[in-house]
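Fold and geometry: a report
Each chain is listed here by its residues.
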Amino acid sequence: MKILVVEDDPLLRNGLIDLLSGAGHTVEAVADGATALREGRENPYDLVLLDLMLPKLDGIEVCRRLRMVRPALPILMLTARGAEEDKVRGLRAGADDYVTKPFGAHELLARVDALARRARGTPAEPELIEADGCRFDLGRCEATRDGKTVALTAREVGILRWLYRHRNRSVSRAELLEQVWGTVGSLKTRTVDMTIAKLRQKIERDPAQPRIIVTVTGVGYAWAGGKG
């Protein structure tokens, strides 16, 4: 299994590399959140071992953004002893499990193996989707229409994933705020509408008459794009 270790403490980072490599895994390690996010988006890891406290971008934000573009990627978060609030925040951001520092080698390897078994039994979500002549590569955060490729942000990919996953129903703005932004759905904001308006400029043949993401009056939005 290919594992990305994200830990800024060099002693612990090297210890994790030795432990996981000794158990037969292929390990890459980085020391900050920004690098971790780039690695997790661009490379096919089977699991991420993610520290909570990181420079440049904390573990909660890394987890939340990775979950938008790689929803099936197992994430095991490292938290401080007794920090229950941090554990809850990590799980709400999308972590699959956590292990508390200091931890035993056997416990960590057991949790890694458990997440690997769970991931093998979970059907993968599609990375390539076509709708109304537009082709989405969600793993690469790209959309292509008429030979022209444009970059998509992590939130735009998160919106596309959520709407496509629930394409049999409409999705409220509050639901998108909770699932894609990770904030309370009752928040009064035009952020969702503004983001979708920008996304339509990138993906729709005619943004004024959208055929992929349509507005559902009084509710929110829905996926309307069939195979293109």
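This text goes with the structure placed above it.
Residues numbered from 1 in each chain as written. Predicted model: local features only at pLDDT ≥ 70, side-chain atom pairs only at ≥ 80, totals over all residues. Heavy atoms only, no water.

**Examining the overall build of the chain**
Looking only at helices and strands, the chain has eight helices and twelve strands in total. Over its C-alpha trace the chain gives a radius of gyration of 19 Å, about what one expects of a compact globule, namely 17 Å for 228 residues. Projecting the C-alpha coordinates of the chain onto the three principal axes gives extents of approximately 55 × 40 × 30 Å. A buried classification covers 46% of the 228 residues belonging to the chain. Here the analysis covers contacts within the chain between residues at least 6 apart in sequence; of these, 55% occur between residues at least 24 apart. Summing over all exposed atoms, the chain offers an accessible surface of approximately 11600 Å²; the carbon and sulfur share of this is 49%. Averaging the coordinates of the 36 positive side-chain charges in the chain and doing the same for the 32 negative ones gives two points 5 Å apart. (Helix = DSSP H or I, 4+ residues; strand = E, 2+ residues; numbered from the N terminus. Rg over C-alpha atoms; globule rule 2.2 N^0.38 Å. Buried < 20%, exposed > 50% of the residue type's maximum accessible area, 1.4 Å probe, protein only. Contact = heavy atoms within 4.5 Å. Areas by Shrake-Rupley, 256 points an atom, 1.4 Å probe, with all protein chains shown as cover. Lys, Arg positive; Asp, Glu negative; His and termini not counted. Charge placed at Lys NZ, Arg CZ, Asp CG, Glu CD.)

**A closer look at unusual backbone geometry**
Along the chain, Lys101 connects to Pro102 via a cis peptide bond; the corresponding omega equals -10 degrees. Considering the arrangement of structural elements, one finds Pro102 in the loop between β5 (97-101) and α5 (105-120). With phi around 75 degrees, Lys56 is a residue other than glycine that occupies positive phi space. Inspection of the secondary structure puts Lys56 in the loop between β3 (47-51) and α3 (59-69). On the basis of relative accessible area, Lys56 is assigned to the exposed category, the value being 71%. A positive phi angle, close to 55 degrees, is found at Asp146, a residue other than glycine.

**A few points about the sheet that holds strand β9 (residues 148-151)**
If you trace the four strands from one edge of the open sheet to the other, you get β6-β7-β8-β9, paired in antiparallel fashion. Each edge of the open sheet is held by one strand with a lone partner, namely β6 (128-131) and β9. Recorded for the sheet is a direction-independent mean angle of 20 degrees between the axes of neighbouring strands. In the sheet, strand β8 (residues 142-145) pairs with β9 via four bridges, with the strands oriented antiparallel. Looking across to β9, one finds that Thr144 is bridged to Thr149. (Pairing = 2+ DSSP bridges. Axes fitted to C-alpha atoms, helices over the stretch in contact; angles between N-to-C directions.)

**Some details on the pattern of salt bridges**
Counted under the stated rule, the structure contains 16 salt bridges. Residue Arg173 is joined to Asp193 by a salt bridge in which the shortest nitrogen-to-oxygen separation is 2.7 Å. Pair noted here: Arg173 is in helix α7 (residues 173-181) and Asp193 is in helix α8 (residues 191-203), with a separation of 20 residues, a long-range link. Taking the shortest distance from any N to any O, the salt bridge between Asp193 and Arg190 comes out at 2.9 Å. Of the residues examined, Arg190 reaches a relative accessible area of 57% and is grouped as exposed. One connected set of salt bridges, linked through shared partners, spans Asp132, Arg145, Arg205 and Arg211. (Salt bridge = Lys/Arg side-chain N within 4 Å of Asp/Glu carboxyl O.)

**Points about the packing of aromatic side chains**
Evaluation of the coordinates by the stated rule reveals two aromatic pairs. Seen in terms of ring centroids, Tyr164 and Trp223 are 5.2 Å apart; in terms of plane orientation they differ by 80 degrees. Their pairing is edge-to-face. Linking Tyr164 in helix α6 (residues 154-165) with Trp223 in strand β12 (residues 220-223), this pair joins segments that are 59 residues apart in sequence. When sorted by exposure, Tyr164 lands in the same class as Trp223, which is buried. Members of the aromatic cluster, joined through ring pairs, are Phe136, Tyr164 and Trp223. Seen from the ring of Tyr45, Lys2 lies directly overhead, with NZ or CZ sitting 4.9 Å from the centre. Over the face of the ring belonging to Tyr164 we find Arg167, whose NZ or CZ atom lies 4.1 Å from the ring centre. (Phe/Tyr/Trp six-rings, centres within 6.5 Å; stacked < 30°, edge-to-face > 60°. Lys NZ or Arg CZ within 6 Å of the ring centre and 35° of its normal.)

**Here we look at the pairing of β12**
Inspection of the sheet shows strand β10 (residues 171-172) paired to β12 by two bridges, in the antiparallel sense. By the bridge assignment, Val171 is partnered in β12 with Tyr221. The turn linking strand β11 (residues 213-216) back onto β12 is made up of three residues, and Gly218 within it adopts a positive phi angle of 80 degrees.

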